[in-house]
Amino acid sequence: MKIAGRSGHNPLASGADGLVNETTEDRKIFLSSKKYLEKYNTFIDCYPNNMVGISTELMWGINKANNNGAELFYSVHLNKAYTSYNGAIGAEIWLHPIAKQETKSRATAILKNLQTLGFINRGIKYSSELAELNSTTMEAMIIECFFCEATKDVELYNKHGSDKIGLAIANGIDNKINIENENNEVDIMKKIVLYVGDMDAMAGLYVAQKNQCPMMKKSDFESNKFKAETIITIGGKSGSNRYTSLKDAAALV
């Protein structure tokens, strides 16, 4: 199957902020879902990297999916409804009202997988007003993994990590991806850029773009027990700041 996907928002057109940041975390979840899906499918990454303007970057991703003849499009987001929320709210998926039964079945499978991980299943929602649903020429879904301000949702996310959430999404889309087998297998990426502190993130993004590879915070990479053939680390030097990080990054490319 030819699948197009993206994580919602980017550093220059950021999403919601709660106990965790939507732009940062849904990127990790998306990259995890992508690494599993592209084992068995043709994958089109519709993430715009750094692009100013929510509407601009949104349509860039939609147009890339349309222009590459994808059969299914999905985007990964985190939800937010309150300034703060003590408790659990859960996961939901948005589809167009005329979505095919096959797409509804995939959305149901994703939500059941997330429910198995402990998230409340809020079910499938329908809208004809959302651009990723009404402007894509293929079947599409918007996956709201959990609410970023809900304490119990974030606790579950921190417990399982982005890789298990991404695997839950990938299995729901393509059941050839076996959750039990994948959970027991550590996937080895070809190349990744790791940044040590938040001040190193922009330099890390610069190096990742030049190398056309994913980027992740070093602590998240280690806590998820990921592996990579080549690891490029940005930051971590004693007395370093964002300017020394950028200088080091420039030397690497």
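Owing to the predicted nature of the structure, the values given are computational and were not obtained by experimental measurement. (Residues numbered from 1 in each chain as written. Predicted model: local features only at pLDDT ≥ 70, side-chain atom pairs only at ≥ 80, totals over all residues. Heavy atoms only, no water.)

Undergrad: Before we move on, could you go through the overall build of the chain and cite the residues and values that matter?
TA: Along the chain, the regular secondary structure elements total 9 helices and 9 strands. Relative to the 2.2 N^0.38 estimate, which gives 18 Å for 253 residues, the radius of gyration of the chain is 18 Å and therefore close to what a compact globule would have. Projecting the C-alpha coordinates of the chain onto the three principal axes gives extents of approximately 55 × 40 × 40 Å. Taken across its 253 residues, the chain has 51% of its residues classed as buried. Residue pairs at least 24 apart in sequence account for 76% of intrachain contacts in the chain once pairs closer than 6 positions are excluded. Of the roughly 12,000 Å² that the chain leaves accessible, carbon and sulfur atoms contribute 48%. Positive and negative side-chain charges in the chain, numbering 29 and 29 respectively, have mean positions lying 3 Å apart. (Helix = DSSP H or I, 4+ residues; strand = E, 2+ residues; numbered from the N terminus. Rg over C-alpha atoms; globule rule 2.2 N^0.38 Å. Buried < 20%, exposed > 50% of the residue type's maximum accessible area, 1.4 Å probe, protein only. Contact = heavy atoms within 4.5 Å. Areas by Shrake-Rupley, 256 points an atom, 1.4 Å probe, with all protein chains shown as cover. Lys, Arg positive; Asp, Glu negative; His and termini not counted. Charge placed at Lys NZ, Arg CZ, Asp CG, Glu CD.)

Undergrad: Please provide a residue-by-residue account of the layout of surface pockets, values included.
TA: Computed from the structure, the largest pocket encloses a volume of approximately 1,200 Å³. For the largest pocket, the lining is made up of 41 residues, of which Arg 27, Leu 31, Cys 213, Pro 214 and Met 215 are closest to its centre. Counting residues per element, the ones that place at least two in the lining of the largest pocket are helix 1 (22-37), helix 2 (54-67), strand 7 (188-195), helix 7 (201-211) and strand 8 (215-217). It is helix 1 that provides the largest number of residues to the lining of the largest pocket, a total of 9 residues. Looking at side-chain class alone, the lining of the largest pocket contains 16 nonpolar, 8 polar and 17 charged residues. (1 Å grid on protein atoms, 1.4 Å probe; cavity = no way out; pocket = protein on both sides within 12 Å on 5 of 7 lines; lining within 4 Å. Points joined across faces, edges and corners; volume = space filled by probe spheres on them. Nonpolar A, V, L, I, M, F, W, Y, C, P; charged D, E, K, R; others polar.)

Undergrad: Tell me what's going on with the packing of helix 3 (residues 101-116) against helix 5 (residues 151-173), and back it up with residues and numbers.
TA: Angle between the axes and distance between the axes are the two parameters that describe a pair of packed helices. Following both chains from N to C, one finds helix 3 and helix 5 inclined at 150°, their axes separated by 7 Å at the closest point. Looking at the two axes, helix 3 sits roughly antiparallel to helix 5. Here the hand of the crossing between helix 3 and helix 5 comes out right-handed. Contact with helix 3, carried on its side by Arg 106, Ala 109, Ile 110, Asn 113 and Leu 114, involves Ile 165, Ala 168, Ile 169, Asn 171, Gly 172 and Ile 173 of helix 5 and no other residues of that element. Residue composition of the contact of helix 3 with helix 5, grouped by class: 7 nonpolar, 3 polar and 1 charged. (Axes fitted to C-alpha atoms, helices over the stretch in contact; angles between N-to-C directions. Parallel < 35°, antiparallel > 145°, perpendicular 65-115°, else oblique. Left-handed = near helix turned anticlockwise from the far one by under 90°.)

Undergrad: Any details on helix 2? Residues and values, ideally.
TA: With 14 residues, helix 2 extends 20 Å from end C-alpha to end C-alpha; this agrees with the ideal 20 Å at 1.5 Å per step. Those residues of helix 2 not exposed but buried are Glu 57, Leu 58, Gly 61, Ile 62, Ala 65 and Asn 66. Check the buried side of helix 2 and you find it contacts strand 1 (2-7), strand 3 (72-79) and helix 4 (131-134). Of the residues trailing helix 2, Gly 69 is marked for its positive phi of about 65°. (Expected span 1.5 Å × (residues − 1).)

Undergrad: Give me the lowdown on unusual backbone geometry, citing residues and values where you can.
TA: Phi is positive for His 9, close to 75°, though the residue is something other than glycine. Owing to a relative accessible area of 13%, His 9 belongs among the buried residues under this scheme.

Undergrad: Tell me about the packing of aromatic side chains, and please be specific about residues and values.
TA: Taken as a whole and judged by the stated rule, the model has 6 aromatic pairs. Look at Phe 30 and Phe 43: their rings are 5.9 Å apart centre to centre, the planes differ by 50°, and that puts the pair in the tilted class. Taken as a pair, Phe 30 in helix 1 and Phe 43 in strand 2 (residues 42-45) lie far apart in primary sequence, 13 residues in all. Assessed through its relative accessible area of 0%, Phe 30 is described here as buried. Among the residues examined, Phe 43 registers a relative accessible area of 15% and is labelled buried. A ring pair is formed by Tyr 82 and Tyr 85, whose centres lie 5.2 Å apart and whose planes are at 25°; its orientation type is stacked. The partly exposed category is assigned to Tyr 82, whose relative accessible area is 44%. (Phe/Tyr/Trp six-rings, centres within 6.5 Å; stacked < 30°, edge-to-face > 60°.)

Undergrad: Go over the environment of Ala 203 with me, naming the residues and quoting the values.
TA: Tracing the backbone through its elements, the reader meets Ala 203 in helix 7. With a relative accessible area of 2%, Ala 203 lands in the buried category. Expressed as a C-alpha distance, the spacing of Ala 203 and Ala 170, which sit 33 residues apart in the sequence, is 30 Å.

Undergrad: Before we move on, can you summarise the nonpolar core with the specific residues and values?
TA: Counting residues in each nonpolar core, the largest one holds 38 residues, and the members touching the most others are Ile 29, Tyr 74, Cys 145, Phe 146 and Ile 169. Secondary structure elements with two or more residues in this core: helix 1, strand 3, strand 4 (91-95), helix 3, strand 6 (139-147) and helix 5. If one sorts the elements of this core by residue count, helix 5 sits on top with 9 residues. Ignoring any residue separated from it by four or fewer positions in sequence, one finds Cys 145 in contact with Ile 29, Val 76, His 77, Leu 78, Gly 90, Ala 91, Leu 114, Phe 119, Ile 165 and Ile 169. In this structure, Cys 46, Ala 70, Phe 73 and Ala 140 belong to the second largest nonpolar core, which totals 10 residues. (Core = buried A, V, L, I, M, F, W, Y, C linked by side-chain atoms within 4.5 Å.)

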